[in-house]
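Coordinates in review
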Amino acid sequence: MKLPLKWLKDYTDIKVSPKEYADALTMSGSKVEGYEKLGEEIDKVVVGRILTIEKHPDADRLLVTQVDVGNETIQIVTGATNIKVDDLIPVALDGSSLPGGMKIKKGKLRAVESNGMMCSIAELGVTKDDFPNAAEDGIFILEGNLTPGTDIKEVLGLNDTVIEFEITSNRPDCFSILGLARESAATFKTDFIKPEIQVKEEGDSVDGQATVQIEDSELCYRYAGRIVKDVRIEPSPGWMQERLKASGVRPVNNIVDITNYVMLEYGQPMHAFDLENLNGHKIVVRRAKNGEKMKTLDGQDRDLDASMLVIADAQRAAAVAGVMGGENSEITADTKTILFESATFNGISVRLTAKKLGMRTEASGRFEKGLDPENVLDAINRAAQLVEKLGAGVVCKGVIDCYPVKAAKKTIEFNPARINALLGSDVSAEEMKSIFARLEIEVNEAEGTVIAPTFRPDLECEADLAEEVARFYGYNRIKPTLLEGKATTIGGLTYEQKIKQLIGRTLQACGLSEIYTYSFTSPKVFDRINLPKDSELRGTVVISNPLGEDYSIMRTTTLPDMLQVLATNYNRRVEEARLFEMSYVYLPKSLPLTELPYEKPVLTLGMYGDVDFYDLSGAVEELMSKLGIKEYSLEPVHDNPSFHPGRTAKLIVNGKEAGILGEVHPSVSEKFEAAQRNYVGMIDIEPLVGNAVLKPEYKPLPKYPAVTRDIAMLVDEGVLVKEIERVITEKAGKILEEIKLFDVYKGKQVPEGKKSVAYSIAFRAADRTLTDEEAGKAMEKIVKGLSEKLGAQLR
Amino acid sequence: MKEQLNNIRLEAEKCLNEVKSSADLESLRLRFLGKKGELTAVLRGMGGLTSDERPIIGQLANDVRSFIEGKLEEGAKILQNKEQELRLKTEYIDVTIPGKRRFIGKKHPLTIVSDEIKDVFVSLGYEIAEGPEVELDYYNFEALNIPAGHPARDAQDTFYINDEILLRSQTSSVQIRVMENKKPPIKLISPGRVYRSDSVDATHSPVFHQVEGLVVDKGITMGDLVGTLQLFARRLFGEDTKIRLRPHHFQFTEPSAEVDVSCWTCGGKGCRVCKNEGWIEILGAGMVHPKVLENCGIDSKVYSGFAFGLGVERTAMGRFNIDDMRLLFENDMRFLRQF
Ligand SMILES: [Zn+2]
């Protein structure tokens, strides 16, 4: 909302600087986004009249002119092509400044003295929207009867300050000059003077000239009409145009400008119909018929339905109520009789209609917040007054006012002690009452209540009154306290939250950095990760109004996102990346969605660069160790189409599958334009939480020495190290302390199809020093077992 | 013999003083003390002494022996020191060569900031509540006093799944879920991911993170809100941080406020970071609207509460001077390594 200060000053006194004004209003609840001193950058630019024009002696394209700038005549050399003698033009004098910081100094052009510059609209920082008749490129030829030497800022209406407010949706009353004047007066404790409205009504009576009928009083609360005859459509006067322009509204003609002027001043949108084009001179406020069509003022054909309210005549819709007028009853240059509309509609209905038709207008934006029916008459009378003031027509006697149910005023309990209790303040009842008085909130002391004015739909309960008190008492005068003795709780992280924190810390210690990726993605990613057509993961939560296909489904797997991040880094020539993310996948329990999906927490790991599978599995093993999870294993997976068939494992935690990790299938990596080899793991967090042991039990340190034996063997290539270890563990018995794999070798000196595996095995007894013999016996059993079960040959 | 012994002693002393290496030492040890050494040779002649002379000479011989032994030991030590000194000189390394680092991974800046926020409130006895991101319209809007058709819904362009299910646009939904299930006193923060239909640019992201807080008990005042936020701001942005509340409107709080903190760069004098305002808007807050309490079955005549919320992205961007929100979700290693 743009507020020209001059306009505001018609209704309340402002003595402070724009900066102080802006700060004070912000602190009392009308947030100021900024303010602009119009024409601030323009200095020493005046109206000039061209007296003579001659050719430049040395340059074909230049003209030498003599220009009357008020108190003197100056010579200006110009390249302009659109000027003639007697034209009025803006002249930037010697030492002047223009928007954008341009400074004008006198000088010589091809040896001829030039003491100023003629300006175009662009050079003055205005646009063709503001001055439709101005030349786009040439010099700005001024219109009207202007005196040379007049400051151009006055001519352009640039001697005002415009405050830009951000008004919250609960305060429709503040979307108006008068509403903000009331707030200003309450803030500075000055008087608020409402406009004095007097209408002469020199025409005949409205009776019998038009009728208004509200068919749906739930959607239209009040509809008032006034008739103006002998209308003369012409431009509105400069003062009105200036105020409109300063408010960001383009002047059109006197009638349209009046409706806009009243809308800005009263916050009440208005409409003007050409009465001769309303069949039967009749207004019917009704729901549209399904399939009804209408062409709106913007030239668009609109398909209406029964959820929408229209303003119709005896036969057809003439306006979409509260949104936009129709072309069939539009004001034209030939219009002789108009019907002004001032009405209030159901805000929700206007909002939904505007949304459905895809045309949110200035009017609909105001109606949807819920306007005050009590404001309707003042607004239409103000419009009539302006018609008379501008000589735009003859106002007929009387108002056609259809107001089926008078707006009820809300009564709210008022208990100063309770307000202070909520605020933690000590504001006197007297001060509260004086604040209410300035806001036109009536206090009924006997009843202990207040009555909220109808223009304040936001005031409903005591908390609302507390806010009114607080914002004028001063939010920052409320004394800070710290819940002394109240809400005493222990709080803290839940077990799951602690585990998640530990997971993050552990992976960071393992050299992995944390990433954040979006939780929605494109349905196309499934093909890119070779996901089978019948995979359950293709059943997703679909966003009905996404930002585009790429962000249209909630992810059911994090593989594509991790790969994308790896690819981004790779393509930016980052040598190596080791990453993790803790996030969610969103798994529908039914499709179409009838209940909320299962949001499964997952840990995703990803790496490329100087890494291999064992860097990835190593991080997972370190994590298991930190979480105290002993019951876990990795088992080969050969048939996951997203992964390398020979370099992928599933993670089994306590007998249940809890994730997958491996080298990404090269065909997948290729589709992401990622590095040749990428390693990704996806692990469910819930089994980690469920199986973690955060408080390990202490075991005494060994008192007796260990005996260590090394063993190297040849086995078939396909034998897993895990199987070998299982046999060793089984055969070694109780004295086994630790098995350490120290070599796996294929190649020279190892027959084809075999591999050499070497272990260091430690034995220890808790209660005595083991003898060589005991260790030897255990080793014999191990060797025998390995050869029987796995065909291992000792080396 | 006495003389012989004294000569050995003098000779040994002289030789030992000129020792250059441990090999020299060894040969001297053999020469004087070895089985075929000089002292042994002298002692062999002890048989020809009288019983009076024998103890005297014996004593003297022992003295000489221990003198030589001592000298040998001393020599060995000196040599050892010299050799160590020499070795140390050759073992010179360039200590400015980069060390063997175990590169640790980094916490994402969003986690750094939300962890800091969590730490402050956990230390004040708040619990951390979480809830679904794909949420019922009821919890995201309806229960928060934002009924269907309300213009406030437009302000937060929401992603919908269907008429009843949406992507939550605020973590306040979690507060409702907690209040429905728990009797006051309630003291929680709800950090989490939220969604709004904003196109991606330097200051917007359709996916972002919030931390909201809620306290409900008997007699909670707006003063308690101000005090809590002041403490929070000081812990997060530094001891000297001030806060300022500006009246605002939120559907689920009344009175409502926007909260500014004094600029962390200039301390309030005005600079580029705070656009010369001296203040930076960081929080929304207010007293829980009585309708919201009633919606959760909490008697608003008995209980009151306050709520607040802040955006993690904006806080992180301010804290680390990050000028483009997209960096937070691109995950370029060169960015991540900086934290
Ligand atoms: Zn600053």
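Residues numbered from 1 in each chain as written. Chains lettered and ligands numbered in written order. Predicted model: local features only at pLDDT ≥ 70, side-chain atom pairs only at ≥ 80, totals over all residues. Heavy atoms only, no water.

**Digging into the overall build of chain A**
So the rule is basically this: For helices the rule is a DSSP run of H or I covering at least 4 residues; for strands it is a run of E covering at least 2, with both sets numbered from the N terminus onward. Throughout, radius of gyration means the C-alpha value; the globule benchmark is 2.2 Å times the number of residues raised to the power 0.38. Buried residues are those whose accessible area, probed at 1.4 Å on protein chains only, stays under 20% of the maximum for their type, while exposed residues exceed 50% and partly exposed ones sit between those limits. We call two residues contacting when some pair of their heavy atoms lies within 4.5 Å. Each accessible area value is a Shrake-Rupley result obtained with a 1.4 Å probe; residue values ignore everything except the protein chains displayed when judging cover. Note that His is not counted, nor are the chain ends; the positive residues are Lys and Arg, and the negative ones are Asp and Glu. Taken as the charge centre is NZ of Lys, CZ of Arg, CG of Asp or CD of Glu, depending on the residue.
Scanning chain A from N- to C-terminus turns up 20 helices and 39 strands. A compact globule built from 795 residues would reach a C-alpha radius of gyration of about 28 Å, whereas chain A, at 41 Å, exceeds it by more than 25%. Principal-axis analysis of the C-alpha atoms places the extent of chain A at approximately 125 × 90 × 60 Å. Residues counted as buried form 52% of the 795 residues belonging to chain A. Considering only contacts in chain A between residues 6 or more positions apart, those separated by 24 or more positions represent 70%. Put simply, chain A shows about 37,100 Å² of open surface, and 48% of that area lies on carbon and sulfur atoms. Distance from the positive charge centre (100 side chains) to the negative charge centre (123 side chains) of chain A: 5 Å.

**What about the environment of Ala186(A)?**
Residues and elements named next belong to chain A. Take Ala186: it is sitting in helix α4 (residues 177–188). Separated by 248 residues in the primary sequence, Ala186 and Ser434 have C-alpha atoms spaced 9.6 Å apart. Those residues within four positions of Ala186 in sequence are excluded, and the remaining contacts are Arg438, Leu439 and Phe472.

**A word on the domain arrangement of chain B**
By a widespread convention, an interface's size corresponds to the accessible area lost as its parts come together. Stated precisely, the cut-off is as follows: Residue ranges labeled as domains rest on an automatic or database domain assignment.
When the domains of chain B are assigned, the result is domain 1 (2–90) and domain 2 (109–336). Once you take the C-alpha centre of each, domain 1 of chain B and domain 2 of chain B turn out to be 89 Å apart.

**Observations regarding the packing of aromatic side chains**
Short version of the rule: Each pair of aromatic rings taken from Phe, Tyr and Trp, with Trp reduced to its six-membered ring, is defined by centres within 6.5 Å and is described as stacked if the planes are under 30 degrees apart, edge-to-face if over 60, and tilted in the remaining cases. Whether a charge sits over a ring comes down to the Lys NZ or Arg CZ being within 6 Å of the ring centre and within 35 degrees of the ring normal.
The tally for this structure, following the rule as stated, stands at 22 aromatic pairs over all chains. In this structure an aromatic cluster arises from ring pairing among Tyr518(A), Phe520(A), Tyr551(A), Phe159(B), Tyr195(B) and Phe329(B). When the ring centre of Tyr473(A) is taken as origin, the NZ or CZ atom of Arg477(A), which lies over that ring, is 4.0 Å away. Across from the ring centre of Phe672(A), 4.2 Å away, lies the NZ or CZ of Arg528(A), which sits over that ring.

**Describing the pattern of salt bridges**
Spelled out, the test is: For salt bridges, the criterion is a side-chain nitrogen of Lys or Arg within 4 Å of an Asp or Glu carboxyl oxygen.
Using the criterion set out here, one finds 73 salt bridges over all chains in the structure. Across the pair Lys194(A) and Glu440(A) runs a salt bridge whose closest N-O atoms are separated by 3.6 Å. Of this pair, Lys194(A) sits in the loop between α4 and β12 (211–214) while Glu440(A) sits in the loop between α11 (429–438) and β25 (442–444); the two residues are 246 residues apart in sequence, bridging distant segments of the chain. On the basis of relative accessible area, Lys194(A) is assigned to the partly exposed category, the value being 48%. Between Glu496(A) and Lys500(A) there is a salt bridge, with the nearest N and O atoms lying 3.9 Å from each other. Of the two residues, Glu496(A) and Lys500(A) both sit in helix α13 (residues 495–509), 4 residues apart, roughly one turn of that helix. Each member of the salt-bridge network shares a partner with another, and the members are Lys31(A), Glu166(A), Arg244(B), Arg246(B), Glu258(B), Asp260(B) and Glu281(B).

**A few points about the coordination of the zinc ion**
The expected angle between donors at a tetrahedral four-coordinate metal is 109.5 degrees. At an octahedral six-coordinate metal it is 90 or 180 degrees. Residues and elements named next belong to chain B. The following threshold applies: The donor set covers N, O and S atoms within 2.8 Å of the metal, switching to 3.2 Å for Na, K and Ca, and it leaves out water, so a site may look short of donors. Site shape is set this way: if four donors have all angles between 85 and 135 degrees, tetrahedral; if opposite donors are over 155 degrees apart and all others between 65 and 115, square planar for four donors and octahedral for six; otherwise irregular.
Distances from the zinc ion to its protein donors, Cys263 (SG), Cys266 (SG), Cys271 (SG) and Cys274 (SG), fall at 2.2 to 2.3 Å. Metal-centred angles of 105 to 112 degrees between the 4 donor atoms at the zinc ion mark the site as tetrahedral. Counting the intervening residues between successive donors of the zinc ion yields the motif C-x2-C-x4-C-x2-C. Here Cys263, found in the loop between β7 (253–262) and β8 (279–288), pairs with Cys274, found in the loop between β7 and β8; they are 11 residues apart in sequence, far enough to count as distant.

**Looking at the nonpolar core**
A general tendency of soluble globular proteins is for nonpolar side chains to be buried together. The condition that has to hold: Side-chain atoms within 4.5 Å link the members of a nonpolar core, which is a set of buried Ala, Val, Leu, Ile, Met, Phe, Trp, Tyr and Cys residues.
Counting 110 residues, the largest nonpolar core has Phe520(A), Met554(A), Leu579(A), Leu167(B), Phe306(B) and Phe308(B) as the members making the most contacts within it. Among the elements that line this core, the one with the most residues is helix α9 (residues 222–237) of chain B, at 8 residues. Formed by 47 residues, the second largest nonpolar core is a distinct cluster that contains Trp7(A), Ala224(A), Val231(A) and Val249(A).

**A few points about the sheet that holds strand β37 (residues 736–745) of chain A**
Residue and element names in this part refer to chain A. For clarity, the threshold we go by: Two strands qualify as a pair provided DSSP detects at least 2 bridges between them. A fitted line through C-alpha atoms represents every axis, and for helices the fit uses only the stretch in contact; the resulting angles, taken between N-to-C directions, go from 0 to 180 degrees.
Read from one edge to the other, the open sheet built from 4 strands follows the order β37-β38-β36-β39, with strand pairing classed as antiparallel. With one partner strand each, in any of the chains shown, β37 and β39 (793–794) form the two edges of the open sheet. Pairing between strand β36 (residues 707–716) and β39: 2 bridges, direction antiparallel. Across the sheet, residue Met713 finds its bridge partner in β39, namely Leu794. Helix α19 (residues 721–732) rests against β36, β37 and β38 (754–763) of the sheet, and its axis sits at about 150 degrees to β37. Seen against the sheet, helix α20 (residues 772–790) touches β36, β38 and β39 and runs at an angle of roughly 10 degrees to β36.

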